[in-house]
Amino acid sequence: MDIIQKAFLRRALSVEEIEAVLSTDRYDEALFKAADLTRQRYVKRDVHLKGLLEFSNVCLRTCHYCGLRRENDGLKRYSLSPDEIVGLAKKAATYGYRTIVLQSGENREYSVGDFCKVIENIRALNLSVTLSIGEKSENEYRAYKEAGANRYLLRIETTDKPLYKALHPSMSYERRVKCLKILKKLGYETGSGSLVGLPHQTAASIAEDILFFQENDFDMIGIGPFIPCENTPLSAAQGGSFDMALKVMALVRVLMPTINIPATTAMETLRPNGRILALQNGANVVMPVITEGEYRALYRLYPGKVCVGDTPSHCRGCISGKIRSINRDISVTNGDSERFIIRKEIRRAV
Ligand code: SAM
């Protein structure tokens with residue numbers, strides 16, 4: 001049986017088979033068709049819009065690829081106050097968002113108690129809360145869950161252990177995997193993901209990333225091309241390509257039919273209308289930025305980030321129009337993935 005047919009029918013491939021798909025363009029047409037068919041069948045036409053609030057660019061980590069890294073002293077730093085965060089979430093609710101994604105560098109700018117109050121106040125607005133704030137202790141994750149946080153995004157970035165070690169000084173791959181397991185155990189709808197096009201990353205290691213996502217049965221997977229950033233150790237690296245990131249994303253959709261997959265901002269940065277192309281090849285989520293003013297540009301993970309001069313209401317209107325133009329609908333649900341809904345149903349039933 002052809003590899004793409006096998007992926008479509010069995011939802012399982014070996015490392016070698018995934019590597020073969022990634023190493024040639026021979027399978028591309030069939031892969032993209034299979035990804036879109038899978039999306040249509042399992043997660044339908046709805047696109048979940050989630051408001052991404054980049055509330056602090058302060059980071060204590062030194063990841064080699066990231067513009068927010070502590071050692072980048074060319075970046076003006078900011079941290080919004082708890083009241084400002086809740087205020088922007090309130091505004092986002094008026095534009096129609098049902099989920100707020102709170103993302104920041106990994107820092108200690110907020111006490112656990114203060115951050116719990118932020119979560120409680122946003123939940124009181126009838127909004128779901130997704131956190132993307134890095135590695136924390138089990139107690140801290142539990143406190144945020146008890147305060148009402150619904151979901152957590154923590155990309156593994158790469159499952160290639162030597163590469164992970166080289167790119168993340170003073171961090172540990174094992175610790176990151178443990179964080180993901182804790183998040184799942186605590187009942188978060190858990191998302192992970194990876195960067196595509198890191199220096200020394202191979203097709204085999206990307207294949208291992210995909211198998212890692214399946215083995216851990218995540219609810220959401222975000223795939224983004226690596227984009228080299230100034231003032232980082234990888235500023236002169238080649239960077240990932242839109243086409244390869246799209247292929248990896250499409251493979252993830254075929255192999256994990258019921259999860260949520262965002263059309264990432266990094267994809268739009270590399271290709272005009274990249275998010276729409278992603279939606280047509282397996283994605284079912286978009287996370288427009290709801291950060292305001294100068295902070296949009298200061299959350300500079302990489303150069304060329306799109307929409308930094310726009311307002312949140314403009315972005316919401318712009319992306320909604322594009323989504324409707326490809327005959328898709330804006331979801332009116334709270335944005336849970338089918339995977340998570342099924343998981344809850346099974347737990348209740350058995
Ligand atoms: N600190 C949190 C964490 O570690 O999960 C969340 C913030 S972090 C800046 C969000 C994501 O940005 C990372 O998971 C990484 O994949 C992505 N990112 C960072 N630098 C990037 C770059 N140069 N190109 C593309 N994506 C990048």
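Residues numbered from 1 in each chain as written. Predicted model: local features only at pLDDT ≥ 70, side-chain atom pairs only at ≥ 80, totals over all residues. Heavy atoms only, no water.

When you go through the chain residue by residue, the secondary structure sums to 15 helices and nine strands. Taking 350 residues into account, the globule formula puts the C-alpha radius of gyration at 20 Å, and the chain, at 19 Å, falls close to it. Based on the C-alpha atoms only, the size of the chain along its principal axes is roughly 55 × 45 × 40 Å. For the chain, restricting intrachain contacts to residue pairs at least 6 apart in sequence, the fraction spanning at least 24 positions comes to 75%. Split by element, the accessible area of the chain, about 14600 Å² in all, is 51% carbon and sulfur. Here the chain carries 50 positive and 41 negative side-chain charges, and the mean point of each set is 4 Å from the other. (Helix = DSSP H or I, 4+ residues; strand = E, 2+ residues; numbered from the N terminus. Rg over C-alpha atoms; globule rule 2.2 N^0.38 Å. Contact = heavy atoms within 4.5 Å. Areas by Shrake-Rupley, 256 points an atom, 1.4 Å probe, with all protein chains shown as cover. Lys, Arg positive; Asp, Glu negative; His and termini not counted. Charge placed at Lys NZ, Arg CZ, Asp CG, Glu CD.)

Moving on to the site of the ligand. Near the ligand, the surroundings consist of 19 residues, among which Tyr65, Ser104, Arg155, Glu157 and Ile227 are the closest. Contacts to the ligand include Tyr65, whose backbone N or O atom sits 2.9 Å from a nitrogen atom. Between the ligand and Arg155, the relevant distance is 2.8 Å, taken from an oxygen atom to a side-chain nitrogen or oxygen of the residue. With the chains in place, 92% of the 560 Å² that the ligand exposes on its own is no longer accessible. (Near = heavy atom within 4 Å. Polar contact = N/O pair within 3.5 Å; in protein donor to acceptor, adjacent residues only side chain to side chain.)

What follows covers the sheet that holds strand β4 (residues 128-132). Pairing in this open sheet of six strands is parallel, and the strands run β2-β3-β4-β5-β6-β7 from one edge to the other. Strands at the two margins of the open sheet, each flanked by one partner only, are β2 (51-56) and β7 (220-225). Put simply, the sheet's adjacent strands are angled 20° from each other on average, direction ignored. As paired strands, β4 and strand β5 (residues 151-153) are joined by two bridges and run parallel to one another. (Pairing = 2+ DSSP bridges. Axes fitted to C-alpha atoms, helices over the stretch in contact; angles between N-to-C directions.)

Attention shifts here to the nonpolar core. In terms of nonpolar packing, the biggest core is built from 103 residues, with Leu102, Ile122 and Leu131 touching the most fellow members. In this structure, Val101, Met220, Val285 and Met287 belong to the second largest nonpolar core, which totals seven residues. (Core = buried A, V, L, I, M, F, W, Y, C linked by side-chain atoms within 4.5 Å. Buried < 20%, exposed > 50% of the residue type's maximum accessible area, 1.4 Å probe, protein only.)

Further remarks concern helix α9 (residues 203-215). For α9, which comprises 13 residues, the first-to-last C-alpha distance of 18 Å matches the rise-based estimate of 18 Å (1.5 Å per residue) to within 8%. Residues of α9 that are buried include every one of Ser205, Ile206, Ala207, Asp209, Ile210, Leu211, Phe212 and Phe213, and no others. Buried residues belonging to α9 abut α2 (15-23), α8 (173-185), β6 (189-196), β7 and α10 (242-255). Looking one or two places after α9, you find Asp217, whose phi comes out positive at around 50°. (Expected span 1.5 Å × (residues − 1).)

Here Asn150 shows up in the loop between α6 (138-146) and β5. Within the structure, the side chain of Asn150 is placed 2.8 Å from the backbone nitrogen of Val129, a separation counted as a polar contact. In contact with Asn150, not counting residues within four places along its chain, are Arg123, Ser128, Val129, Tyr188 and Glu189.

With that settled, the discussion passes to the environment of Gln40. The residue Gln40 is located in helix α3 (residues 28-43) in this model. The exposure class assigned to Gln40 is partly exposed, which follows from its relative accessible area of 42%. For the pair formed by Gln40 and Ile122, sequence separation is 82 residues and the distance between their alpha carbons is 32 Å.

Let us look at the pattern of salt bridges. On inspection of all chains with the given rule, the structure shows 25 salt bridges. For Lys185, the salt bridge is made with Glu138, and the minimal N-O distance between the two is 2.7 Å. One end of the pair, Lys185, is in helix α8; the other, Glu138, is in helix α6, and 47 residues separate them in sequence. The exposed category is assigned to Lys185, whose relative accessible area is 58%. (Salt bridge = Lys/Arg side-chain N within 4 Å of Asp/Glu carboxyl O.)

Applying the stated criterion to the full structure yields ten aromatic pairs. Taking 6.3 Å as the distance between ring centres and 65° as the angle between the ring planes, the aromatic pair formed by Phe212 and Phe213 counts as edge-to-face. Each member of the aromatic cluster is reached from another via a ring pair, and the members are Phe55, Tyr110, Phe115 and Tyr144. We note Lys145 situated over the ring of Tyr188; from NZ or CZ to the ring centre the distance is 5.7 Å. The lysine or arginine in question, Arg316, covers the ring of Tyr97, its NZ or CZ lying 4.5 Å from the ring centre. (Phe/Tyr/Trp six-rings, centres within 6.5 Å; stacked < 30°, edge-to-face > 60°. Lys NZ or Arg CZ within 6 Å of the ring centre and 35° of its normal.)

Pairing is parallel in the open sheet, where three strands are placed in the order β8-β1-β9. The two strands at the open ends of the sheet, each matched to only one other strand, are β8 (285-286) and β9 (329-330). Examined bridge by bridge, strand β1 (residues 46-49) and β8 share two bridges and lie parallel to one another. Bridged to His48 within β8 is Val285.

So, about unusual backbone geometry. Look at Arg11: it is not a glycine, yet its phi comes out positive at around 55°. Residue placement: Arg11 occurs in the loop between α1 (3-10) and α2. The phi angle at Asn273 is positive, at roughly 65°, despite the residue not being glycine.

With six of six residues buried, β7 is to be regarded as a mostly interior element. Inspection of the sheet shows β6 paired to β7 by six bridges, in the parallel sense. Looking across to β7, one finds that Ser194 is bridged to Ile223. Considered for its hand, the β-α-β crossover made up of β6, α9 and β7 is right-handed. (Right-handed = clockwise from strand over helix to strand, strands pointing away.)

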